Amino acid sequence: MSDYKDIPSPCYVLEEDKLIRNLETLAATADAAGVEIIPALKGFALWGVFPLVGRYVKGAAASSLNEAKLIAEEMGKKAHTYAPVFREEEIDSILDCSSHITFNSAAQVRRFLPRLKARRQGREISWGLRINPGYSPVETALYNPASPESRLGASPEELEDLLRDALPEGLHLHALCESEARHTVRLIEAVEESFGEILPRLRWLNLGGGHLITRAGYDRELLIRSLAEFRERYPNLRVYLEPGSAFAWETGFLRARVEDLVRRGDVETAILDVSFTAHMPDCLEMPYQPQIRGLAIAESAGSGTAADYRYRMGGNSCLAGDVMGDWLSPKALSVGDPIIFEDMIHYTMVKTTMFNGVHHPSIGILASDGTLRIVREFGYADYRDRLS
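Conventions used here
- Residues numbered from 1 in each chain as written.
- Predicted model: local features only at pLDDT ≥ 70, side-chain atom pairs only at ≥ 80, totals over all residues.
- Heavy atoms only, no water.
- Pairing = 2+ DSSP bridges.
- Helix = DSSP H or I, 4+ residues; strand = E, 2+ residues; numbered from the N terminus.
- Contact = heavy atoms within 4.5 Å.
- Axes fitted to C-alpha atoms, helices over the stretch in contact; angles between N-to-C directions.
- Polar contact = N/O pair within 3.5 Å; in protein donor to acceptor, adjacent residues only side chain to side chain.
- Patch = residues over 30% accessible without salt bridge, like charges linked within 9 Å, V, L, I, M, F, W, Y side chains within 5 Å.
- Areas by Shrake-Rupley, 256 points an atom, 1.4 Å probe, with all protein chains shown as cover.
- Salt bridge = Lys/Arg side-chain N within 4 Å of Asp/Glu carboxyl O.
- Buried < 20%, exposed > 50% of the residue type's maximum accessible area, 1.4 Å probe, protein only.

### Considerations on the sheet that holds strand β3 (residues 60-62)
Thinking step 1. Read from one edge of the open sheet, 8 strands run β2-β9-β8-β7-β6-β5-β4-β3, paired in parallel fashion. Sheet topology places β2 (36-37) and β3 at the edges, where each strand pairs with a single neighbour.
Thinking step 2. Both strand β4 (residues 79-82) and strand β5 (residues 98-103) contribute to a ladder of 4 bridges, which runs parallel. Looking across to β5, one finds that Ala79 is bridged to Ser98.
Thinking step 3. In this fold helix α5 (residues 106-119) packs onto β5 and β6 (126-130), with an angle of close to 175° to the strand it touches most, β6.

The structure is reproduced here in structure tokens:
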């Protein structure tokens with residue numbers, strides 16, 4: 001669909017063909033390595049395409065009761081559920097929706113393991129402990145779960161203490177974020193260095209997310225080889241990967257529109273009908289500057305040519321920092337022009353807010369035959385009903 005004026009603004013648009021491409025890549029990688037690759041809803045929870053996703057995966061990863069229920073109801077699968085803490089009021093419902101459950105601490109195991117054993121009732125619910133592998137290539141502290149002080153995952157000493165009471169059926173870890181295959185290789189080495197003695201006694205190992213397998217240039221052969229060799233060393237283990245971004249990587253865009261153009265000093269800002277803080281929060285948190293279709297990111301004040309028009313992009317909230325920039329345009333922008341932010345399907349919709357009550361983008365699915373289906377529109381009632 002090339003005429004963006006036919007798409008309501010603002011709107012997230014998932015392109016089905018691109019999602020299928022990623023699903024096929026991930027399924028082929030999993031088969032070649034002899035592992036299971038499942039989607040993590042914390043990065044991609046567009047349940048309108050769960051029937052399609054469910055054709056390629058055997059389960060999905062949840063971080064809460066709500067995510068586990070969504071997997072059960074919309075994908076028809078059992079969840080691999082982990083949360084930093086489980087609540088007494090929710091644990092039974094979580095167990096009902098899960099095939100695997102991972103506890104974050106020995107204390108949580110001791111609190112809820114009797115409940116799990118009582119509720120198995122002839123069906124399998126496998127349990128594990130999240131560990132801290134002591135390694136992560138992630139440089140942004142906000143996204144690094146494996147620092148020595150991290151609340152996420154047990155140390156080797158905590159696991160050793162737990163073994164006095166119970167042997168986990170599996171271990172779960174997470175240390176990557178949009179990382180390369182070489183980082184997975186190092187992660188496996190770190191796990192073996194710190195937890196190698198217990199691996200032969202387990203049933204499964206979950207290597208978490210952050211494996212950006214579908215990104216162009218990712219060394220899938222290295223990943224496949226390292227995973228296959230690991231499985232040869234530990235034939236007792238079923239190995240899981242649960243990326244969030246890889247499933248939805250470059251599968252769609254956020255369609256926005258220029259609503260005003262303001263010049264302050266030497267800076268001209270295009271104020272849009274979307275917000276970075278409310279609709280693209282990772283841009284400010286990581287931070288990173290997204291690609292805009294037809295525009296070039298201005299690397300420095302002197303970049304571009306005399307024919308380029310330079311714009312900063314501004315969100316429609318009152319947050320002073322709700323801006324991003326700058327970009328170079330081959331032509332002058334006008335009020336009403338579409339602005340297409342690329343790769344805005346993963347870690348966008350799952351993290352949006354209604355800060356300021358700004359209009360929330362609709363959600364659309366662009367089918368393989370080129371037809372656009374708007375699956376969700378938001379209005380005043382959605383904003384009102386979040387409050388009281």
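### Re the side chain of Ser105
Thinking step 1. Considering the arrangement of structural elements, one finds Ser105 in the loop between β5 and α5.
Thinking step 2. Separated by 3.1 Å, the side chain of Ser105 and the backbone nitrogen of Gln108 make a polar contact.

### Points about a nonpolar patch on the surface
Thinking step 1. Together, Tyr380, Tyr383 and Leu387 line one region of the surface with nonpolar side chains, adding up to about 350 Å² of accessible area.
Thinking step 2. Position of Tyr383 relative to the elements: it lies in helix α12 (residues 380-384).

### As for the pattern of salt bridges
Thinking step 1. All told, the structure shown has 26 salt bridges when counted by the stated rule.
Thinking step 2. Note that Glu285 and Lys351 form a salt bridge whose closest N and O atoms lie 2.8 Å from each other. Of the two residues, Glu285 is situated in helix α11 (residues 281-285) and Lys351 in the loop between β15 (338-342) and β16 (362-366); the sequence distance between them amounts to 66 residues.
Thinking step 3. Taking relative accessible area as the criterion, Lys351 reaches 24% and is therefore assigned partly exposed.
Thinking step 4. Beyond isolated ion pairs, a larger network of salt bridges with shared partners links Glu88, Asp92, Arg111 and Arg115.

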